[in-house]
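# A look at the structure
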Amino acid sequence: MEIERKYLVSKVPEHLEQFPCRSIAQGYLNTNPVVRIRQDNDKYELTYKSKGFMARQEYNLPLNREAYEHLLTKIDGRLIRKKRYMIPLPHNLTAELDIFEGDLAPLMLAEVEFASEDDANSFVPPSWFGEDVTFSGKYHNSTLSLI
């Protein structure tokens, strides 16, 4: 079970370059249910996600580069490219700050994963987080791949 909150970001934290960063490219073979392929630096995977907003099932299967490249030819919509910064937060949490590239720029979203829905519901976001869009399907990457 994946439990996460998602926020728009209009201003990144200072000294962003000091945080670990990954390059991600992901495409969608299907959006209902969500079936995604992703290249995350040198790691490749196929992911299934159930319906939902803050909490949903997620299953990840490893792929090799050749399988990823084969499936890449079958995606619907755009290939999403983004930089993901891993920013530590209090209480052993991490903000995953996605800075989108290409025609989705200058969109920036921050996601925080939680151990429980109670933890997610009691979360107080840092000041650099903007609007909470957790319950808006508009900001699911699967939706962004189609617009």
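It should be noted that the structure appears before, not after, this text.
Thresholds applied
Residues numbered from 1 in each chain as written. Predicted model: local features only at pLDDT ≥ 70, side-chain atom pairs only at ≥ 80, totals over all residues. Heavy atoms only, no water. Helix = DSSP H or I, 4+ residues; strand = E, 2+ residues; numbered from the N terminus. Rg over C-alpha atoms; globule rule 2.2 N^0.38 Å. Buried < 20%, exposed > 50% of the residue type's maximum accessible area, 1.4 Å probe, protein only. 1 Å grid on protein atoms, 1.4 Å probe; cavity = no way out; pocket = protein on both sides within 12 Å on 5 of 7 lines; lining within 4 Å. Points joined across faces, edges and corners; volume = space filled by probe spheres on them. Nonpolar A, V, L, I, M, F, W, Y, C, P; charged D, E, K, R; others polar.

## A look at the overall build of the protein
In terms of regular secondary structure, the protein is built from 3 helices and 9 strands. Its helices and strands taken in sequence order, the protein reads β-β-β-β-β-β-α-β-β-β-α-α from the N to the C terminus. For a compact globule of 147 residues, the expected C-alpha radius of gyration is about 15 Å, and the protein comes in at 15 Å, within 12% of that figure. If you line up the protein on its principal axes, its C-alpha atoms span 40 × 30 × 25 Å. Counting the 147 residues in the protein, one finds 45% classified as buried.

## Describing the layout of surface pockets
Of the pockets and cavities examined, the largest pocket occupies roughly 300 Å³. Broken down by element, the lining of the largest pocket gets its largest block of residues, 4 residues, from strand E3 (residues 34-40). The residue makeup of the lining of the largest pocket, split by class, is 2 nonpolar, 5 polar and 17 charged. Its volume calculated, the second largest pocket comes out at about 190 Å³. The wall of the second largest pocket is formed by Leu-89, Pro-90, His-91, Leu-93, Phe-114, Asp-119, Ser-122, Phe-123, Val-124 and Pro-126. The residue inventory of the lining of the second largest pocket, partitioned by class, reads 7 nonpolar, 2 polar and 1 charged.

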